[in-house]
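One-letter residues, chain by chain:
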Amino acid sequence: IFVLARGDVTKPGKLVGPGAIAAITALDGRFDLPADADESQRRVALARWIVDRDNPLTWRSIVNRVWQYHFGRGLVDTPNDFGRMGGAPSHPELLDWLAVWFRDEAGGSLKQLHRLIVSSATYRQSSQRDAASTARAVAIDADNRLLWRQNRRKLEAEAMRDSMLAVADKLDPTMGGPSFQDFVIEEPNHSPHYEYNQYDADDAKSHRRSVYRFLVRSKQQPWMATMDCADPSMLVDKRNQTITPLQALAQMNNQFVLVMARHFAERVERDGGTLDEQVARAVRLAVQRPPTPDELRQLVDYAGVHGMANTCRILLNLNEFVFVD
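Bear in mind that the values here come from a model prediction, so they are computed numbers and not experimental data.

## Here's the deal with the overall build of the protein
If you tally the helices and strands in the protein, you get 13 helices and six strands. Over its C-alpha trace the protein gives a radius of gyration of 25 Å, far above what one expects of a compact globule, namely 20 Å for 325 residues. Counting only C-alpha atoms and orienting by the principal axes, one finds that the protein spans roughly 80 × 65 × 35 Å. The proportion of buried residues among the 325 residues of the protein is 34%. Considering only contacts in the protein between residues 6 or more positions apart, those separated by 24 or more positions represent 57%. By element, 55% of the accessible surface of the protein is carried by carbon and sulfur atoms, the whole surface being about 19400 Å². Side chains of the protein carry 41 positive and 42 negative charges; the gap between the two charge centres is 3 Å.

Pasting the structure below:
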């Protein structure tokens, strides 16, 4: 590979050797490889450069992305750009401490990093505050960059899907193995068409966690895309969090949601009891709290007219089911 003068392939300039970012002075920006080193050797050299314990970017980048996952926003707001054009860290000392702790104390264990963050006092805050303290904090930090409260965060599409499977008592927790397909392939020998609308949501093989979902880069799953799932054909550093009428319509009418609402209703009906007890149990399963007397009255009245399956469908469409406070 050569440097091309003004991008002209007919004017090759200086030969480009294998290397990485020279601006990182802690590591050698040029790889010590023989001139005839093949591509696999160059890739291994790059991988070792990335994971080197003295690389100042890798460890900060990883902990920042995990922090973003839990808080909806990273300590550095541009997870793909730690350079001059990227955002400055809101808590630089915390970012450095987390990076060193993750590297040296946790041994690179993501499980330990998750545990550290979710057990912290910062993460365990509520998104709700009293009016007086909120007014004072907003005057200083309206954007909540200093994390004086928790950010109210919408579940990502995969977590919503897994949550519906869980409350319907259909989630298969089996780890590993092949992925599942939530589509039917038409004309596989010519130009394959991925038909998500023909998929059987009752197929037990598809009731696994969404991390095992087979991704088609050329065609997104419509319900997942509506719920802001990342486009697999693009590099997405941070997902959008939108609230649109399409999401409510999809959550009320999608085939998968209808099937899970039916299984959810069958689950609470199997446990027996009066209609009031069944509705109260469904609310506890969906939002992890007992219903208020007014909520229970309205839901029981609705269930008496429209049935438990439709009542469960309402519960799966509640803001409280979709958002993390």
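## Side note on a nonpolar patch on the surface
A cluster of nonpolar side chains, Phe2, Leu4, Val9 and Leu15, forms an exposed patch at the surface whose accessible area comes to about 400 Å². Looking at the element boundaries, Leu4 is found in strand E1 (residues 2–4). Overall, Leu4 belongs to the partly exposed group, its relative accessible area being 33%.

## Topic: the packing of helix H6 (residues 157–167) against helix H9 (residues 255–270)
Contact geometry of H6 with H9 gives a least axis separation of 8 Å together with a crossing angle of 30°. With respect to H9, the axis of H6 lies roughly parallel. Residues Arg161, Met164, Leu165, Ala166 and Val167 of H6 form the contact with H9, whose own contacting residues are Phe256, Val257, Met260, Phe264 and Arg267. Here the contact of H6 with H9 is built from residues that sort into eight nonpolar, no polar and two charged.

## Let's talk about the packing of aromatic side chains
Tallying each qualifying case throughout the model produces eight aromatic pairs. For the pair Phe183 and Tyr194, a centre-to-centre distance of 5.3 Å together with 90° between the ring planes defines the contact as edge-to-face. Taken as a pair, Phe183 in the loop between H6 and strand E4 (184–186) and Tyr194 in strand E5 (residues 193–195) lie far apart in primary sequence, 11 residues in all. Here Phe183 and Tyr194 have matching classes, each one buried. Between Trp223 and Phe256, the aromatic rings sit 6.4 Å apart at their centres with planes inclined by 50°, giving tilted as the arrangement.

## Focus: H9
Spanning 16 residues, H9 covers 23 Å between terminal C-alpha atoms, matching the ideal 22 Å at 1.5 Å per step. Residues Phe256, Val257, Val259, Met260, Ala261, His263, Phe264, Ala265, Arg267 and Val268 constitute the buried set of H9. In this structure, the buried residues of H9 make contact with H6, helix H7 (222–226), helix H8 (245–253), helix H10 (275–287) and helix H12 (308–316). A side-chain oxygen of the first residue of H9 lies 2.9 Å from the backbone nitrogen of Phe256; this N-cap is Asn254. Where H9 ends, the next residue or the one after it, Gly272, has phi of about 75°, a positive value.

## With respect to unusual backbone geometry
Unusually for a residue other than glycine, Leu147 sits at a positive phi of about 60°. On the secondary structure map, Leu147 appears in the loop between helix H5 (131–140) and strand E3 (153–154). A relative accessible area of 13% places Leu147 in the buried class. In this model, Asp228 sits at a positive phi of 70°, which is unusual for a non-glycine residue. Here Asp228 is to be found in the loop between H7 and H8.

Cut-offs and rules
Residues numbered from 1 in each chain as written. Predicted model: local features only at pLDDT ≥ 70, side-chain atom pairs only at ≥ 80, totals over all residues. Heavy atoms only, no water. Helix = DSSP H or I, 4+ residues; strand = E, 2+ residues; numbered from the N terminus. Rg over C-alpha atoms; globule rule 2.2 N^0.38 Å. Buried < 20%, exposed > 50% of the residue type's maximum accessible area, 1.4 Å probe, protein only. Contact = heavy atoms within 4.5 Å. Areas by Shrake-Rupley, 256 points an atom, 1.4 Å probe, with all protein chains shown as cover. Lys, Arg positive; Asp, Glu negative; His and termini not counted. Charge placed at Lys NZ, Arg CZ, Asp CG, Glu CD. Patch = residues over 30% accessible without salt bridge, like charges linked within 9 Å, V, L, I, M, F, W, Y side chains within 5 Å. Salt bridge = Lys/Arg side-chain N within 4 Å of Asp/Glu carboxyl O. Axes fitted to C-alpha atoms, helices over the stretch in contact; angles between N-to-C directions. Parallel < 35°, antiparallel > 145°, perpendicular 65-115°, else oblique. Nonpolar A, V, L, I, M, F, W, Y, C, P; charged D, E, K, R; others polar. Phe/Tyr/Trp six-rings, centres within 6.5 Å; stacked < 30°, edge-to-face > 60°. Expected span 1.5 Å × (residues − 1). Polar contact = N/O pair within 3.5 Å; in protein donor to acceptor, adjacent residues only side chain to side chain.

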